[in-house]
Structure formats: structure tokens, C-alpha cells
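# Close look at the chain arrangement
What follows is the residue order along each chain.
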Amino acid sequence: MTLEAEIRTALRTLAPTSLDVINESALHSGHAGDDGSGESHWRIKIAAPVLDDLSRIARHRAIHTALGPDIIGRIHALAIEIA
């Protein structure tokens, strides 16, 4: 399973109404944190009712919790956009 698929599967626990998982690793090739895997830099655009009443920090924490330490440990950079 690709890291993108793992991210999508993990975020299903938040019951998103929309979810985009974008691999931006190619944009950071050769930069710090680029491990050569092609799966180091990600952007998530998510809309989920469970996130609606949370503060920005609480939303990010909920997303990190849903992803879990295994996935978070393999990501150098994660940009999160709440739709």
C-alpha cells in the first residue's frame, strides 16, 4: 500500500465529506527532509464535520492522531488545509 493510500485510509476515521491527499515531494527534491522516497512532503485538504467546531490547533491534533505515529514518523512535512 502506498503512503497516500495509508493516509486516506487513516483519515476515514474522521468521516471526511471531501479529502485531497497531494504528494508535494517532487517540489522539495534535494531540500532538507527529502529522503529520496518520493513520499516525504504532503498536503491534505479535508472537510469533516467532526473538525468544524475545533480550533485550528485541535484540528491539526485530530488529524495527527488519526494518522498515528507510524504515518507521521514517515512524513517530513505535512501541510493541512481545512476546507
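The present account deals with the structure reproduced in this document. If you're wondering where the values come from, they're calculated on a predicted model, not measured in any experiment.

### Observations regarding the overall build of the protein chain
For the protein chain, the count of helices and strands is two helices and three strands. With 83 residues in all, the protein chain has 29% of them scored as buried. Residue pairs at least 24 apart in sequence account for 59% of intrachain contacts in the protein chain once pairs closer than 6 positions are excluded.

### So, the packing of helix H1 (residues 3-11) against helix H2 (residues 56-73)
Running from N to C, H1 and H2 cross one another at 140°; their axes reach a closest spacing of 9 Å. Classified by the angle their axes make, H1 and H2 are oblique. When the axes of H1 and H2 are compared, the crossing they make is right-handed. The residues of H2 that touch H1, namely those facing Leu3, Glu6, Ile7, Ala10 and Leu11, are Ile63, Ala66, Leu67, Asp70 and Ile71.

### Some words on the pairing of strand S2 (residues 41-47)
One face of the sheet, then the other: side chains in a regular strand alternate in exactly this way. Counting buried residues in S2 gives five out of seven residues, a clear majority hidden from the surface. By the bridge criterion, six bridges tie strand S1 (residues 18-23) to S2 in an arrangement that is antiparallel. Residue Ile22 lies in a different strand from S2, and its bridge partner there is Arg43. By the bridge criterion, six bridges tie S2 to strand S3 (residues 77-82) in an arrangement that is parallel. Its bridge partner being in S3, Ile46 is matched across the sheet by Ile82. Regarding the hand of the β-α-β motif, the stretch spanning S2, H2 and S3 is right-handed.

Rules of the game
- Residues numbered from 1 in each chain as written.
- Predicted model: local features only at pLDDT ≥ 70, side-chain atom pairs only at ≥ 80, totals over all residues.
- Heavy atoms only, no water.
- Helix = DSSP H or I, 4+ residues; strand = E, 2+ residues; numbered from the N terminus.
- Buried < 20%, exposed > 50% of the residue type's maximum accessible area, 1.4 Å probe, protein only.
- Contact = heavy atoms within 4.5 Å.
- Axes fitted to C-alpha atoms, helices over the stretch in contact; angles between N-to-C directions.
- Parallel < 35°, antiparallel > 145°, perpendicular 65-115°, else oblique.
- Left-handed = near helix turned anticlockwise from the far one by under 90°.
- Pairing = 2+ DSSP bridges.
- Right-handed = clockwise from strand over helix to strand, strands pointing away.

Structural measurements only, silent on function.
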